[in-house]
Amino acid sequence: MDFNMKKLASDAGIFFTRAVQFTEEKFGQAEKTELDANFENLLARADSTKNWTEKILRQTEVLLQPNPSARVEEFLYEKLDRKVPSRVTNGELLAQYMAEAASELGPTTPYGKTLIKVSEAEKRLGAAERDFIHAASINFLTPLRNFLEGDWKTISKERRLLQNRRLDLDVCKARLKKAKAAEAKAALWNDEVDKSEQELRVAQTEFDRQAEVTRLLLEGISSTHVNHLRCLQEFVESQTTYYAQCYRHMLDLQKQLGSSQGAIFPGTFVGTTEPASPPLSSTSPTTTAATMPMEPSVAGPVPPGEAALCLEEVAPPASGTRKARVLYDYEAADSSELALLADELITVYSLPGMDPDWLIGERGNKKGKVPVTYLELLS
């Protein structure tokens, strides 16, 4: 009991002297041991890494789960070390509602048939979203959390210890300075000076040792950046795959709707007629697929003048032809169309009565209809 009381009293005394030293430093009444410039840079770099990692982590969580209540629920399950219950995505829920609506309104009616087709596409979109969220959580969010809850806590602990060692060192320096000042006035202070010098040597040794431990941890931030870079690349890959899947699912749906809508509303076409922005430069096929424009649909009755079009008998008009550069890969929907490869040059021309969204394209001895939005017409 006496030992514990003495220890508590000693700890309280140490805490008090540190508090006094820290306060006097703040008011400029005590000298402070400064860390070297490289060490200060390491500290600043570590703080920036921690702050930005927290912001990126939080915003990625918002991106993956916009519902704040659902995020709180997932956080609680994670802290309780319990499995997060499976939750349907918004796309899957929309697909369910559309399928139920089709069943009640008539699955054989034009509206019901379309609802079923859209619901199937939304269901695939929801499944793709679920896969993306799962991959992003494992490959990106988990490593960021591990850094904040593991490495950063260790760094913070060692930094606090270094701060205490630095305060102890400055207390010893101040004590020795007072002892030497008193020694000049009275020889009786020789023992006090020797004691203060011994305490200073011990404090300096402990401070240097703790500074080296903290420095090594701070230098490890570079390895953290390398790891986070790899995780970021995996996050981009999973996001690219997700958007490419969404594009393919919607393209398939667009073709299906084009076929059905053409039969119901003659002369209408499903799809965009606005030129899309060129895709970002990339060597990844999935990235290119994810940034391609929506493909115009050609199903349904064709405009007047084109119904009897026989490609083998088509000849370039007297007004001449033009060269065009292909912007994006294009897969022909049927034998009347010409498949395209990005960056290739083809010859194009229009025929009277053709839909303005399409041209006749020729490459060698092959010809077929091509969408204008996939071309850059050259002068």
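### Here we look at the packing of aromatic side chains
In the structure shown here, the tally under the stated rule is seven aromatic pairs. Ring geometry for phenylalanine 147 against tryptophan 152: centres 6.4 Å apart, planes inclined by 50°, an arrangement best described as tilted. Judged by its relative accessible area of 10%, tryptophan 152 falls in the buried class. With a centroid separation of 5.1 Å and 45° between ring planes, the pair formed by tyrosine 242 and tyrosine 243 is classed as tilted. Assessed through its relative accessible area of 13%, tyrosine 242 is described here as buried. The ring of tryptophan 52 has lysine 55 sitting right over it, with the charged end atom 4.5 Å from the ring centre.

### Regarding the confidence of the model for the chain
Residue-level pLDDT values for the chain average 81, and 78% of them are 70 or greater. Helix H8 (residues 285-290) is the least confidently modelled element of the chain, averaging 40 in pLDDT, while helix H2 (residues 37-64) averages 95, the highest of any element.

### Concerning helix H6 (residues 190-219)
Taking 1.5 Å per residue as the helical rise, H6 with its 30 residues ought to reach 44 Å, and the 43 Å between its terminal C-alpha atoms agrees with that figure. Within the sequence span of H6, burial applies to Val193, Ser196, Leu200, Ala203, Phe207, Gln210, Ala211, Thr214, Arg215 and Leu218.

### Topic: the sheet that holds strand E1 (residues 322-326)
Strands sit in the order E4-E3-E2-E1-E5 across an open sheet of five strands; the sheet is antiparallel. Edge positions in the sheet fall to strand E4 (366-371) and strand E5 (375-377), since each of these pairs with one other strand and no more. Averaged over all pairs of adjacent strands, the angle between strand axes in this sheet comes to 40°, irrespective of strand direction. Bridge analysis of strand E2 (residues 345-349) against strand E3 (residues 358-363) gives three bridges, and the strand direction is antiparallel. Residue pairing for E3: threonine 347 is matched across the bridge by glutamate 362.

### Let's talk about the environment of alanine 121
Residue placement: alanine 121 occurs in helix H5 (residues 110-183). A relative accessible area of 0% places alanine 121 in the buried class. Alanine 121 sits 131 residues away from aspartate 252 along the chain, and the two C-alpha atoms are 8.4 Å apart.

### Quick look at the pairing of E4
Summarising the sheet, E3 and E4 pair through six bridges and their orientation is antiparallel. Residue pairing across strands places arginine 363 opposite lysine 366, the latter belonging to E4. What sits between the antiparallel neighbours E3 and E4 is a turn of two residues, in which glycine 364 has the positive phi angle 65°.

### A closer look at the side chain of threonine 60
Tracing the sequence through the fold places threonine 60 in helix H2. Look at threonine 60 and you get buried, because its relative accessible area is 8%.

### Structural notes on H2
Owing to its 3.6 residues per turn, the α-helix aligns residues three or four sequence positions apart on the same side. End to end, H2 covers 40 Å across 28 residues, agreeing with the expected 40 Å (1.5 Å per residue, within 8%). All of the buried residues along H2 are Phe39, Leu42, Leu43, Ala46, Thr49, Thr53, Leu57, Thr60 and Leu64. Capping the start of H2 is the job of one residue whose side-chain oxygen sits 3.1 Å from the backbone nitrogen of asparagine 38: aspartate 36.

### A look at the pattern of salt bridges
Scanning the model with the defined rule gives 14 salt bridges in all. Between lysine 50 and glutamate 54 there is a salt bridge, and its shortest N-O distance comes to 3.4 Å. Remark: glutamate 54 and lysine 50 occur in helix H2; sequence separation between them is four residues, near one turn of the helix.

### Digging into the pairing of E2
Summarising burial for E2: four of the five residues are buried, a large majority. Note that E1 and E2 share four bridges and pair antiparallel. Its bridge partner being in E2, lysine 323 is matched across the sheet by threonine 347.

### Comments concerning the nonpolar core
In terms of nonpolar packing, the biggest core is built from 33 residues, with Phe39, Phe132, Phe140 and Leu218 touching the most fellow members. When residues of this core are traced back to their parent elements, those giving at least two are H2, H5, H6 and helix H7 (221-264). Excluding residues within four positions of it along the chain, phenylalanine 39 makes contact with Leu162, Ala211, Thr214, Arg215 and Leu218. Formed by 19 residues, the second largest nonpolar core is a distinct cluster that contains Tyr328, Leu338, Leu340 and Tyr349.

### With respect to the packing of H2 against H6
Where H2 meets H6, the axes come as close as 9 Å, and the angle between the chain directions of the two elements is 50°. Here H6 runs oblique to H2, going by the angle between their axes. Of the two possible hands of crossing, H2 and H6 adopt the one that is left-handed. Within the contact between the two elements, H2 uses Asn38, Phe39, Leu42, Leu43 and Ala46 and H6 uses Ala211, Thr214, Arg215, Leu218 and Glu219. Of the residues in the contact of H2 with H6, the class split is six nonpolar, two polar and two charged.

Analysis parameters
- Residues numbered from 1 in each chain as written.
- Predicted model: local features only at pLDDT ≥ 70, side-chain atom pairs only at ≥ 80, totals over all residues.
- Heavy atoms only, no water.
- Phe/Tyr/Trp six-rings, centres within 6.5 Å; stacked < 30°, edge-to-face > 60°.
- Buried < 20%, exposed > 50% of the residue type's maximum accessible area, 1.4 Å probe, protein only.
- Lys NZ or Arg CZ within 6 Å of the ring centre and 35° of its normal.
- pLDDT = per-residue confidence, 0-100.
- Helix = DSSP H or I, 4+ residues; strand = E, 2+ residues; numbered from the N terminus.
- Expected span 1.5 Å × (residues − 1).
- Pairing = 2+ DSSP bridges.
- Axes fitted to C-alpha atoms, helices over the stretch in contact; angles between N-to-C directions.
- Polar contact = N/O pair within 3.5 Å; in protein donor to acceptor, adjacent residues only side chain to side chain.
- Salt bridge = Lys/Arg side-chain N within 4 Å of Asp/Glu carboxyl O.
- Core = buried A, V, L, I, M, F, W, Y, C linked by side-chain atoms within 4.5 Å.
- Contact = heavy atoms within 4.5 Å.
- Parallel < 35°, antiparallel > 145°, perpendicular 65-115°, else oblique.
- Left-handed = near helix turned anticlockwise from the far one by under 90°.
- Nonpolar A, V, L, I, M, F, W, Y, C, P; charged D, E, K, R; others polar.

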